[in-house]
Structure formats: C-alpha cells, structure tokens
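Listed here are the chains, written in short residue letters.
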Amino acid sequence: MDRVPVLEEPLKKVLGGNTAKVMADHLGLHTVGDLLHHYPRRYAERGELTRLADLPLDEHVTVVAQVADARVLKFNAGRGQRLEVTITDGSGRLQLVFFGKGIHKPRSQLVPGTRGMFAGKVTVFNHKRQLAHPEFKTLGSDSGADTVEAFANQLLPLYPACKQMESWQIQQAVDTVLGPSGTEDAVLADLVDPLPEALREGRGLATLPEALRKIHRPRTKGDIAAAKDRLKWDEAFVLQVALARRRRADAQLPAAPRRPVEDGLLTAFDARLPFTLTDGQRRVSEQIFADLATEHPMHRLLQGEVGSGKTMVALRAMLGVVDAGGQAAMLAPTEVLAQQHHRSITEMMGALAEGGMLGGAERGTKVVLLTGSMGAAARRQALLDLVTGEAGIVIGTHALIEDKVRFHDLGLVVVDEQHRFGVEQRDALRSKGKQPPHLLVMTATPIPRTVAMTVFGDLETSVLDQLPAGRSPIASHVVPAKDKPHFLARAWERVREEVAGGHQAYVVCPRIGDEEDETKAARQKKSGEAGEKGDEGDDAEKRPALAVLDVAEQLGTGPLGDLRVEVLHGRMQPEAKDEVMRRFAAGAVDVLVATTVIEVGVNVPNATAMVIMDADRFGVSQLHQLRGRVGRGSAPGLCLLVTEMPEASPARTRLGAVAATLDGFELSRIDLEQRREGDVLGQAQSGARSSLRVLAVIDDEEVIAAAREEATAIVAADPELTGYPELRIALAALLDEEREEFLDKG
C-alpha cells in the first residue's frame with residue numbers, strides 16, 4: 001500500500017504534538033491503531049452512577065455524579081476565594097474544591113443540577129472527602145428535553161487513564177480519530193481485516209470497522225458484547241497463526257535422531273536408582289524419547305510441581321542422548337543452581353559420571369560444570385572436554401553461551417526455569433549444534449492450559465503432576481506481624497522447635513541490605529516504584545523491604561541467638577555461596593537467611609521450616625516456588641508468610657490463597673486472575689507491548705482453543721498464507737520485528 005494505512009498514522013499528525021506526547025509517554029500509545037485498540041475498561045450508564053460512598057482514599061478516581069450545591073467562600077481576610085461544589089449520586093456526597101483563578105470555569109459550568117464526570121485524587125479535609133481542583137466534563141443538564149434525549153441510556157466509555165490524561169480526554173481523542181457519529185465506517189473502511197471472511201461469517205463475528213465502532217461508541221450492551229467477541233478473536237487468531245507457522249517451520253528443520261543404545265549408559269543408570277520412577281515420570285520420559293528418535297528437533301515444555309522429579313526426567317533424556325553419541329547441555333539461571341545440579345547429578349550417577357577417569361565406570365561419561373567464576377585451569381579443562389566430546393554432559397550458567405564454548409556434537413539442550421533466560425541466550429546455545437539440537441524447556445511454575453497455548457504455543461507440553469513417594473505435606477500460615485506481633489514471636493519459637501528436633505530452616509527476605517542495595521531502595525522510594533513483585537502502591541511498600549543482612553543480625557542477637565545462623569545472597573563470591581550451601585546441606589548451619597537465590601532447585605531434605613519476611617512483596621508463583629524448598633524429606637514442612645499488610649488488602653488475600661492450597665496450577669490461575677491478561681507474551685522476554693487487550697487468557701479458553709484449531713488448519717493448507725494477504729499484513733503489524741524474533745527463538 002502506497003499511503004500509510006489509517007491504523008499506522010502517527011497520533012501527532014491527527015491530535016497534535018502535546019496530546020500525542022502525553023499519550024506516548026504515559027500510556028504507550030503512538031499511532032491511531034494504538035489508540036483505537038486502547039479499549040474502554042468499563043462503561044457508565046446515564047442514571048447508573050458510580051457509588052461515591054465507596055471511594056477509596058488517596059486514589060485517583062473518575063466519578064459520574066450530579067451537582068447538588070455550589071458556593072464561593074472568601075478566606076485570608078477576603079483576599080482569597082474558593083469554590084466549594086457538592087456532588088451526589090444518591091449513595092453519598094463528595095466535595096469539589098477550586099481555589100484562586102481556577103474557580104472561573106467551574107463556577108460558570110458547575111451549577112446545581114448539572115451532571116458531569118469528575119476526576120482527581122480523593123483526600124480528606126475537615127473530616128470530609130474531597131477532590132481538589134478535579135478535572136471535569138459536564139454531561140449537560142436534565143432540565144431540557146433535548147439534553148435528556150441525547151444522554152438517555154447513553155453508555156459512556158471509561159478508559160484506562162492516568163493523572164496526565166483523563167478518561168474523557170482519551171474519549172475526545174478517539175472521537176477526533178473516528179469523526180462525527182455515523183461516519184465511523186467511512187473512516188475505518190480501509191482497515192485491514194485479519195480474519196478470513198469464511199471464518200468470520202462462519203462464527204457470526206462482526207467486521208473489524210463495526211467492532212471498533214461498537215467498542216468505542218456502543219448504543220447498547222449488546223454492541224459491547226459483539227465488539228468484544230470479535231476483537232478477542234483477532235487477538236487469539238493472529239497470535240495462534242504466528243505460533244502455528246513457528247511449529248511448522250520447526251518441524252521442517254533437520255535433526256539427528258538420538259536413540260539410546262541397548263544396555264548402555266541409561267540402562268546402567270536406571271539399574272543403580274534406589275527408587276522406582278513415578279508413573280508420571282515414566283509417561284513423560286516415553287514422550288521425550290519418542291521426540292528424540294525423530295529427524296526433527298524436539299521442542300517440548302516440561303512443567304511440573306516443585307519436587308515432582310523434573311530433573312530426573314531431564315537427566316535420563318541427557319543420558320539417552322549421550323548413549324546415542326551426542327552431548328547434552330543443561331542451562332541453569334544461577335551459579336548456585338548450576339552447582340547444585342552438578343553436585344546432585346554426579347551423586348546420582350556415581351562412577352557413571354567419571355567416564356575416562358581412574359575408577360570410572362566403563363560405560364560412563366564425564367559430567368562437567370561451566371560457570372563464569374571458575375578458575376582459568378578448570379575452565380580450560382572443561383572447554384577441552386566439551387570440544388573433544390570427552391564430556392557427554394555439561395551443566396552451566398550463561399557462561400555456556402560464550403563464543404569460546406565449542407561442542408563436539410551437541411544433541412540436546414535442557415533449559416531449567418526458562419522464564420529466567422532471555423530469548424537470545426537460549427538461541428545462542430541452540431546455535432552451537434552441527435544441526436539444530438533437541439530442546440527441552442523445564443519450569444516449576446505451573447502454567448494454566450490457556451497460557452500454555454499462548455505463551456508456549458510453539459512447544460509440545462508434558463506435565464508432571466505427581467509427587468515422588470516420600471515427599472511430605474507442607475503446612476502454610478499467614479503471620480500478621482503488625483496486627484498480632486505475638487504471632488511473629490511464635491514463628492521464631494517454631495523455628496527453634498524444628499532445629500531442636502534435628503531439622504533446619506530458611507528465612508527469606510526480599511533484599512540484601514548492603515550499601516548498594518540501600519541506595520537502590522532509596523531511589524525506588526524517591527521515584528515511587530513498587531517493591532519486588534508485590535501489590536504496586538500498597539502502603540507497606542513505602543518502607544524499604546526487610547533485608548537479609550539486617551534480619552540475620554537481629555535474629556542472631558535476638559530470638560535465634562543460640563542457633564547457627566548464616567546468610568546467602570547473590571552478591572557473595574561464588575566460592576562463598578557454594579561453601580554456605582555445602583555447610584547447610586551437611587547440617588552445619590541451623591538457619592539460612594537468604595534472598596530468592598534459593599528459589600529454585602536447592603534441595604536440602606533436612607530443611608523443614610521456612611519463614612518468608614514481607615511475603616506480600618513476592619508474587620504468588622514465587623511464593624509457591626520458595627515454599628517448595630521445604631518438606632523435601634520424610635518430615636512435614638512448615639511455611640510461614642510474614643506480612644504487615646492489613647487484613648482487607650489485596651496482598652493479604654493473595655497470601656491467604658497461597659496458604660490455602662499446595663496446588664500450583666490453582667495458584668497460577670489465581671496469580672493470573674489478579675494480574676489479568678497483563679502481557680502473556682512476557683514483556684521482559686519480548687520487549688514489546690502486550691498484544692492482548694480484550695482477550696483474558698483465564699476466561700477465554702474456548703476462544704483460544706478454537707483459534708488454535710482454525711490457525712493450525714489454515715497454516716497446514718497454506719503455509720505462506722498466499723491466499724490471505726490481509727492476515728499477512730496483520731501478522732506483520734502485530735508481530736513487529738522484536739516480537740517475531742521472540743517467537744522465532746522461543
């Protein structure tokens with residue numbers, strides 16, 4: 001197309017520079033398309049007024065109400081004036097206050113009986129709630145029949161807004177773009193409609209111009225429903241087409257089949273296992289070995305509860321690849337976890353992990369560790385073992401990705417806790433094979449089916465939902481430290497009781513507490529940033545989060561004074577971290593005060609208690625991961641979630657949900673519902689804005705599943721989409737280069 005499509009027009013050209021700058025800076029809206037896809041959050045009906053009685057203090061709000069009273073008062077010996085306007089909606093009253101020169105416009109417009117939209121921050125003055133200098137827009141008076149007719153039953157869109165750009169200002173911008181009522185379809189006529197006509201008609205969906213008109217200018221609630229139905233399909237379908245093309249492209253790539261040999265390394269390993277695999281581990285292993293035997297690269301996501309035995313499944317897959325003459329690499333997010341994996345894998349393999357060494361098993365292989373902090377000599381030896389093929393298995397951090405690292409024949413890449421890695425890191429490791437290696441992605445963060453279909457739509461999914469025999473239940477409780485300080489005292493008593501019984505405990509804090517960390521906390525406080533993964537804006541986050549170094553000192557000189565308390569955090573030297581973990585694993589440390597460095601993979605069966613300080617600062621999935629570090633042996637686990645948040649706060653509700661269930665899938669659903677659709681593609685991973693605005697990945701499972709089916713069928717019949725030029729254009733617009741790259745490498 002020669003001229004710029006209407007959706008790609010820059011807002012600056014249509015709305016002017018000032019408005020466009022505010023929209024870009026504060027709402028991330030740059031083009032007409034961005035604005036038209038910035039949908040109303042909800043709709044206010046004339047007569048259906050927002051309840052003033054329930055307004056939250058200190059929050060920026062928009063209300064629809066009627067002026068009951070307006071008067072000008074003098075102060076400062078008559079030299080100053082203020083306008084006080086009382087508005088009501090039947091449920092309560094609210095005062096609006098304007099001062100000085102700012103009273104002229106509201107004084108003339110806000111006369112009793114006037115209806116309007118008012119926005120500002122709710123504060124209290126003289127025991128009355130008020131909005132000082134609110135933004136407002138009148139909706140007309142009820143006195144004239146024409147006005148009543150014009151506004152009767154009108155649905156007023158209320159947009160996601162910000163302090164710098166109110167909801168009605170966004171509505172005015174949308175009106176400017178769409179033109180006078182009744183002319184919208186003419187303005188939107190050249191929109192590219194991504195849905196194939198047969199699909200749209202077959203499912204009874206509105207056209208795209210019709211959907212955009214109805215979402216922004218609905219006449220009835222039916223209009224809103226029809227618009228949302230259509231727009232959900234756009235989002236789900238275009239994304240699923242991109243993923244279906246990715247799956248198809250992957251299926252075309254060549255890969256070396258990796259079949260375990262009879263009576264090889266895998267057989268020898270299975271023979272020395274002191275336990276039997278769970279049914280789930282057997283089932284998932286069969287799926288993986290079937291994939292590894294094909295001439296196209298495996299792309300499989302293995303998700304399972306904390307402690308469900310994913311590492312065992314991954315190790316058996318790696319051993320099968322070594323049997324077939326290839327090498328396997330496991331990428332771990334932290335040095336602590338890489339060292340832990342290396343230690344546990346070599347222990348499980350015994351002499352099988354010492355191939356080529358004195359005392360090593362005949363069918364063994366070498367298992368090497370590669371991290372950024374290794375000494376030069378050890379690093380040189382590890383690199384040599386990889387390039388010669390002497391080492392069949394390597395476990396490492398991002399150090400594996402460096403250019404110097406060469407493999408003899410890389411056959412399998414296992415990525416542990418995939419959400420911790422950027423796309424480029426995973427792709428760099430995959431590119432080290434002579435042919436594309438097989439890929440196994442593992443996560444202990446349970447993912448609802450709908451999210452798996454959107455975020456991991458190009459991966460086949462295996463689920464381990466069964467815990468190995470011998471794992472103990474974990475009791476979880478919320479400890480309201482501010483409301484009931486004696487509960488916190490009791491928490492430390494419980495830790496002492498566990499230690500007295502021969503066990504160990506973790507205490508987890510959100511930050512480290514050294515000078516650099518304090519500076520960061522001060523910067524966050526100054527800029528109003530929220531704390532780690534908690535409820536943005538919660539009052540408790542106005543104080544810095546509790547820190548490892550401070551808490552360890554307080555416990556060591558206070559309630560746990562006679563216990564062996566040590567610290568572990570990310571800024572310690574790798575040797576020091578490893579030494580602390582070794583001592584803790586050996587039982588030489590009673591209580592480990594740590595950051596979330598212990599979140600994944602750390603396995604100390606004797607640790608039975610965990611106290612998470614400022615638990616409201618962590619997300620649901622993170623709390624679930626942390627809790628999974630206890631109860632790993634035969635003794636029951638205990639997890640205490642300490643918070644200062646008030647009982648009615650969303651943070652307390654979230655902690656209550658975590659305490660109430662050990663079902664990670666249920667918790668991931670709660671987490672997703674609280675965050676809503678957010679950016680399900682993962683803003684941190686793709687760097688792009690969310691493509692999902694109407695689609696709710698929790699509620700719209702049927703739409704996502706149907707869209708996946710339709711997309712798969714279309715791509716199978718026409719892989720290049722030559723018969724769907726509009727869909728190709730929509731894909732290019734939705735999947736900008738960055739997002740395309742993300743899907744490409746995911």
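Below: a short report on this structure. Everything numeric in this text was worked out from a predicted model, so none of it was measured.

1. A look at the overall build of the chain
Turning to step 1, where the next piece is worked out: The number of helices and strands found in the chain is 28 helices and 21 strands.
Turning to step 2, where the next piece is worked out: For the chain, with 746 residues in total, the buried portion stands at 53%.
Turning to step 3, where the next piece is worked out: Of all intrachain contacts in the chain linking residues separated by at least 6 positions in sequence, the fraction that spans at least 24 positions is 74%.

2. A short note on helix H26 (residues 701-717)
Turning to step 1, where the next piece is worked out: Taking 1.5 Å of rise per residue, 17 residues should cover 24 Å, and H26 covers 25 Å from first to last C-alpha, within 8% of that figure.
Turning to step 2, where the next piece is worked out: Within H26, burial applies to Val 703, Ile 704, Ala 706, Ala 707, Ala 711, Ile 714 and Val 715. Projected onto a plane normal to the axis of H26, the buried residues spread over an arc of 165 degrees and lie on a single side. The outward face of H26, more than 90 degrees from its buried face, is lined by the exposed residues Glu 702, Glu 709, Ala 716 and Ala 717.

3. Re the packing of aromatic side chains
In this description, an aromatic ring pair is defined by two values, namely the gap between the centres and the angle between the planes.
Turning to step 1, where the next piece is worked out: Here the structure, examined in full by the defined rule, presents three aromatic pairs.
Turning to step 2, where the next piece is worked out: For the pair Phe 75 and Phe 99, a centre-to-centre distance of 6.2 Å together with 90 degrees between the ring planes defines the contact as edge-to-face. Separated by 24 residues along the polypeptide, Phe 75 in strand E2 (residues 60-75) and Phe 99 in strand E4 (residues 93-99) bring together distant segments of the chain.
Turning to step 3, where the next piece is worked out: Ring geometry for Phe 98 versus Phe 136: centroids 6.2 Å apart, planes at 80 degrees, classification edge-to-face. With Phe 98 in strand E4 and Phe 136 in strand E7 (residues 135-141), this residue pair connects regions lying 38 residues apart in the sequence. Per residue, the accessibility class of Phe 98 equals that of Phe 136, and both read buried.
Turning to step 4, where the next piece is worked out: In this structure, Lys 105 is placed above the aromatic ring of Phe 136, and the distance from its NZ or CZ to the ring centre is 5.1 Å.

4. Considering the sheet that holds strand E12 (residues 391-396)
Turning to step 1, where the next piece is worked out: Overall, parallel pairing links the seven strands, which are arranged E11-E12-E10-E13-E14-E9-E15 in an open sheet. In this open sheet, the two strands that pair with only one neighbour each are strand E11 (366-370) and strand E15 (460-464). Within the sheet, the average angular offset between the axes of one strand and its neighbour, ignoring direction, is 20 degrees.
Turning to step 2, where the next piece is worked out: Pairing of E11 with E12, which is carried by five bridges, proceeds in the parallel orientation. By the bridge assignment for E12, Val 367 is matched with Ile 393.
Turning to step 3, where the next piece is worked out: The sheet contacts of helix H13 (residues 310-323) involve strand E9 (299-304), strand E10 (327-331), E12, strand E13 (410-416), strand E14 (438-443) and E15, and relative to E13 the element is tilted by about 170 degrees.
Turning to step 4, where the next piece is worked out: On the sheet, helix H15 (residues 376-388) packs against E10, E11 and E12 and is oriented at approximately 130 degrees with respect to E11.

5. Quick word on the packing of helix H9 (residues 208-216) against helix H10 (residues 221-252)
Turning to step 1, where the next piece is worked out: Contact pair H9 / H10: the axes reach a minimum separation of 8 Å and the direction vectors enclose 130 degrees. When the interaxial angle is binned, H9 and H10 end up oblique. When you trace H9 past H10, the crossing you get is left-handed. Of the residues in H10, those in contact with Leu 208, Ala 211, Leu 212, Lys 214 and Ile 215 of H9 are Asp 223, Ala 226, Ala 227, Lys 228, Arg 230, Leu 231 and Asp 234.
Turning to step 2, where the next piece is worked out: Counted by class, the contact of H9 with H10 contains seven nonpolar, no polar and five charged residues.

6. Remarks on the side chain of Asp 250
Turning to step 1, where the next piece is worked out: Relative to the assigned elements, Asp 250 resides in helix H10.
Turning to step 2, where the next piece is worked out: What makes Asp 250 buried here is its relative accessible area of 7%.
Turning to step 3, where the next piece is worked out: When neighbours within four sequence positions are excluded, Asp 250 is seen to be in contact with His 296, Pro 297 and His 299.

7. Focus on the sheet that holds strand E18 (residues 565-568)
Turning to step 1, where the next piece is worked out: Strand order in the open sheet formed by six strands is E16-E21-E20-E17-E19-E18, and the pairing between neighbours is parallel. Taken across any chain shown, the strands that pair with only one partner, and hence form the sheet edges, are strand E16 (474-480) and E18. Neighbour-to-neighbour, the strand axes of the sheet open up by a mean angle of 20 degrees, direction not taken into account.
Turning to step 2, where the next piece is worked out: Relative to strand E21 (residues 637-643), strand E20 (residues 607-612) is paired through four bridges, and the arrangement is parallel. Counted as the bridge partner of Met 610 is Cys 639 from E21.
Turning to step 3, where the next piece is worked out: Strand contacts of helix H20 (residues 548-557): strand E17 (504-508), E18 and strand E19 (591-594), with the helix running at about 150 degrees to E19, the strand carrying the most contacts.
Turning to step 4, where the next piece is worked out: Contacts between helix H22 (residues 620-627) and the sheet are confined to E16, E17, E20 and E21, with E20 contributing the most and set at about 150 degrees to the helix.

Rules used in this analysis
Residues numbered from 1 in each chain as written. Predicted model: local features only at pLDDT ≥ 70, side-chain atom pairs only at ≥ 80, totals over all residues. Heavy atoms only, no water. Helix = DSSP H or I, 4+ residues; strand = E, 2+ residues; numbered from the N terminus. Buried < 20%, exposed > 50% of the residue type's maximum accessible area, 1.4 Å probe, protein only. Contact = heavy atoms within 4.5 Å. Expected span 1.5 Å × (residues − 1). Arc of directions from axis to C-beta. Phe/Tyr/Trp six-rings, centres within 6.5 Å; stacked < 30°, edge-to-face > 60°. Lys NZ or Arg CZ within 6 Å of the ring centre and 35° of its normal. Pairing = 2+ DSSP bridges. Axes fitted to C-alpha atoms, helices over the stretch in contact; angles between N-to-C directions. Parallel < 35°, antiparallel > 145°, perpendicular 65-115°, else oblique. Left-handed = near helix turned anticlockwise from the far one by under 90°. Nonpolar A, V, L, I, M, F, W, Y, C, P; charged D, E, K, R; others polar.

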